[in-house]
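Architecture and fold: a report
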Amino acid sequence: MGDAGALGAYALWLGGDSLTRRNVNRLLVAWLCVTWGAVLVRSDSFPLTWAPMYSSWEPHEVTSNRVVEDAVYMRGMLVTRRDWSTGYVGARELNIVRNHMYRLYYQRTFGQPPVTWAHGSQSLGAFNRWIRGLEAGEEGPPDDTEFRVFRSLNKTFGLDPDDPVFIVRVQASFDVLYRRFDDVSKVWRDTSRADLRWDESWRERW
Amino acid sequence: MLRRAWNGFWFTGFSVESLAMLRICFGIGLIFFHVTQFYTFFLLSTAGARFYFMEPVWYFETLGIERQNPVLALAGFALLELATLGMLLGYRTRLSIALVIVLIFYLQGARDSVTGDMHHRYLVPIQMLFFLLLSKCGRAYSIDARRSPRVAEAGRAVPEWEASWPIKAMQVYCASFYFWSVLAKLRVTGWVWFTDPRRIQDLLLSRSLIWGATDAGEPVFNPLPYWLMQQETLCRVIGFSTFVMEAGFPLILFLPSPRARLLFLLGVTFFHVSNTVLAYVGFGLFPIVFFIFFDLENVRRRVASFFRRITSTSS
């Protein structure tokens, strides 16, 4: 991102009447290098991108979809605190809007990182593996979604790991509908459950 | 020859008035676009908890911004709309555009850091704003030019090359954006993304159930995507036409006929609006960026002469 920042500063400094045609040529070349460079290295950090929206998909015969229940996910996750008290933490307590609560409940609590994580780590070519310093078999940077769930929930309420009401367990569940593409009318259900527990070794990262 | 082609591409085709008209039309579009992107801040309680970001965007991490602040977000949104109005009216144009850029960075960061999903809807607009900032778009059809004869005089003296390159750069970025998305699909998933109808079926099915499902597994709201996902041939056509549209988008840079460009862009607009209706993809107002593919000063002249003709006929 340093390159983009430098380019921006350079461009602003050149702005106004001092932007000669020669400088415009330099700026355009630098800008093309930065924007196409981001595509080459698969950088998806605003304002640079390689436009990976909806690119990730794997062929499969059976499709699964979660059954979304508005009242359930807005009520939130069942949490257990260090003092063994329990309760729900949802959109109202966290003061976040519906679409964020949806992602928090149905995705993050179930260990699913933001889709950008998959974009940045799936089907990496040799060059991208090399610049990320990945060994053979490694998919991408470690996914620490579980830690982030505990950190966000607790820090939102100003709780430290030694606090008696510190959240140490997070639970959620939803029904999943399965069906085959060749006959979508036949569906079968299952329940997916998440049960995250605080790991005391995370204190070091707190 | 290469030099001539380079100069012919980047430095010809537009006047400072075209640039100013682009600033106005894009500004009007942005006023509404901001609302569609940031209306959720109005749903937050200003007295409620300040959520600790799960995945802060890189510049929030650098600046140490860790929490959602509803009051700041609402104030930022109000200021963003005012700055956009300032930009389109040409009031302290450069300052207004710079403010719009900074505020988009802040508000997009505040929205996307909550759970870490980065949205791509401002990528083309932010590049456009960057080039408008560097351009002399405030030297015509602006309050700045009306207030200062010096600015107006300088506006009349802006040569074609200086007015053209910012618009051409915006066009190149927009075309690249679509082309990159076809490259990304090929890099991550491969040809199967376009050739296998299940890709589109999967997307339509998951989005159709986003509001809930009946016991039979059918959507409780908007049956259209659910119906469409069962039409395999149509899904195959959608997958293939996505490839044609995204891979062929750069050709628009070399289409000389404005009508041909308009036809193509109407098709792309249909694609975005359909995505919004069928799959709840928030790119419905994204076509406001397509103003860059037209010389809007020509459009203004035509509209003005049309109205002159009408008024002279009626009088």
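Conventions we followed
- Residues numbered from 1 in each chain as written.
- Chains lettered and ligands numbered in written order.
- Predicted model: local features only at pLDDT ≥ 70, side-chain atom pairs only at ≥ 80, totals over all residues.
- Helix = DSSP H or I, 4+ residues; strand = E, 2+ residues; numbered from the N terminus.
- Buried ≥ 20, exposed ≤ 12 C-beta atoms within 10 Å, placed from the backbone.
- Contact = placed C-beta atoms within 7 Å.
- Rg over C-alpha atoms; globule rule 2.2 N^0.38 Å.
- Core = buried A, V, L, I, M, F, W, Y, C linked by C-beta atoms within 7 Å.
- Domains from an automatic or database assignment.
- Nonpolar A, V, L, I, M, F, W, Y, C, P; charged D, E, K, R; others polar.
- pLDDT = per-residue confidence, 0-100.
- Pairing = 2+ DSSP bridges.
- Axes fitted to C-alpha atoms, helices over the stretch in contact; angles between N-to-C directions.
- Parallel < 35°, antiparallel > 145°, perpendicular 65-115°, else oblique.
- Left-handed = near helix turned anticlockwise from the far one by under 90°.

On to the overall build of chain B. Within chain B one finds 15 helices and zero strands. Projecting the C-alpha coordinates of chain B onto the three principal axes gives extents of approximately 70 × 55 × 50 Å. The buried share of chain B, taken over its 315 residues, is 44%. Taking the contacts inside chain B whose residues are at least 6 apart along the sequence as the reference set, 73% of them involve residues at least 24 apart.

Right, let's talk about the overall build of chain A for a bit. In terms of regular secondary structure, chain A is built from eight helices and five strands. Since a compact globule built from 206 residues should have a radius of gyration of about 17 Å, the 23 Å found for chain A marks it as more spread out than a globular shape. On the principal axes, the C-alpha backbone points of chain A span a range of 65 × 50 × 35 Å. Classification of the 206 residues of chain A by burial places 24% in the buried group. Summarising the internal contacts of chain A: among those between residues at least 6 apart in sequence, 60% fall at separations of at least 24.

A few words on unusual backbone geometry. Backbone torsion omega between Phe-46 of chain A and Pro-47 of chain A reads 10°, so that peptide bond is classified as cis. Inspection of the secondary structure puts Pro-47 of chain A in the loop between helix H2 (21-40) and strand S1 (62-66). You will see that Tyr-54 of chain A, though not glycine, has its phi angle at about 60°, which is positive. On the secondary structure map, Tyr-54 of chain A appears in the loop between H2 and S1. According to the C-beta neighbour criterion, Tyr-54 of chain A is buried, with 20 such atoms within 10 Å. Although it is not a glycine, Tyr-280 of chain B sits at a positive phi angle of roughly 55°.

Another aspect to go through is the nonpolar core. Note that soluble globular proteins tend to have their nonpolar side chains buried in a common cluster. Counting 82 residues, the largest nonpolar core has Leu-22, Val-100, Leu-107, Met-128, Val-289 and Ile-292 of chain B as its most contacted members. The element contributing the most residues to this core is helix H9 (residues 160-188) of chain B, with twelve residues. Not counting chain neighbours up to four residues away, the residues in contact with Leu-22 of chain B comprise Cys-137, Ile-167, Phe-291, Ile-292 and Leu-296 of chain B. One finds Leu-104, Phe-150, Ile-167 and Ala-172 of chain A within the second-largest nonpolar core, a separate group that totals 22 residues.

Turning to the interface of chain A and chain B, a few remarks are in order. The interface is formed by 56 residues belonging to chain A together with 57 residues belonging to chain B. Taken together, the elements giving at least two residues each to the side of chain A that touches chain B come down to H2, S1, helix H4 (91-94), helix H5 (98-106), helix H6 (115-121), helix H8 (145-156), strand S4 (167-180) and strand S5 (183-197) of chain A. Among the elements that make up the side of chain A that touches chain B, the one with the highest residue count is H2 of chain A (six residues).

As a further point, take the domain arrangement of chain A. Residues and elements named next belong to chain A. Segmenting chain A into domains produces domain 1 (1-52) and domain 2 (60-205). Once you take the C-alpha centre of each, domain 1 and domain 2 turn out to be 36 Å apart. Across the contact, four residues belong to domain 1 and five residues belong to domain 2. In terms of residue class, the side of domain 1 that touches domain 2 is built from two nonpolar, no polar and two charged.

Moving on, we get to the confidence of the model for chain B. Residues and elements named next belong to chain B. Mean pLDDT for chain B: 95, with 100% of residues reaching 70 or above. Mean pLDDT values for the elements of chain B range from 90 in helix H8 (residues 149-156) up to 98 in helix H4 (residues 70-89). Across the whole predicted complex the pTM is 0.93, and at the interface the ipTM reaches 0.93.

To continue, consider the pairing of strand S3 (residues 86-89) of chain A. Residues and elements named next belong to chain A. Looking at chain direction, strand S2 (residues 77-81) and S3 are connected through four bridges and run antiparallel. Counterpart to Val-79 in the pairing with S3 is Gly-87. Hairpin geometry of S2 and S3 is characterised by an intervening segment of four residues between the two adjacent antiparallel strands and by a positive phi of about 75° at Trp-84.

In this section: the environment of Tyr-91 of chain B. All names here are of chain B. Inspection of the secondary structure puts Tyr-91 in the loop between H4 and helix H5 (93-112). Residue class for Tyr-91 comes out partly exposed when judged on the 18 C-beta atoms lying within 10 Å of it. Non-local contacts of Tyr-91, meaning those with residues more than four positions away in its chain, are made with Gly-86, Ser-96, Ile-143 and Asp-144.

Residues and elements named next belong to chain A. Pairing of S1 with S4 involves five bridges; the strand directions are antiparallel. Residue pairing for S4: Arg-66 is matched across the bridge by Val-176. With four bridges joining them, S2 and S4 adopt antiparallel strand pairing. Each bridged residue has a counterpart across the sheet, and for Leu-78 the counterpart in S4 is Gln-171.

Here we come to the packing of H2 of chain A against H9 of chain B. In contact at an axis separation of 12 Å, H2 of chain A and H9 of chain B are set at 10° when each is read in the N-to-C sense. It follows from the interaxial angle that H2 of chain A and H9 of chain B lie roughly parallel. Here Arg-21, Val-24, Leu-28, Trp-31, Thr-35 and Val-39 of chain A of H2 of chain A lie close against H9 of chain B, whose contacting residues are Trp-161, Trp-165, Ala-169, Tyr-173, Ser-176, Trp-180 and Leu-183 of chain B. When its residues are assigned to classes, the contact of H2 of chain A with H9 of chain B shows ten nonpolar, two polar and one charged.

Turning next to the packing of H4 of chain B against H5 of chain B. Residue and element names in this part refer to chain B. Where H4 meets H5, the axes come as close as 8 Å, and the angle between the chain directions of the two elements is 150°. Classed by the angle they form, the pair H4 and H5 counts as roughly antiparallel. In this structure, H4 meets H5 at a crossing whose hand is left-handed. Taking contact as the criterion, the partners of Ala-73, Gly-76, Phe-77, Leu-79, Leu-80, Ala-83, Thr-84, Gly-86 and Met-87 in H4 are, on H5, Thr-93, Ser-96, Ile-97, Leu-99, Val-100, Leu-103, Ile-104, Tyr-106, Leu-107 and Ala-110. Residues belonging to the contact of H4 with H5 are distributed by class as follows: 14 nonpolar, five polar and no charged.

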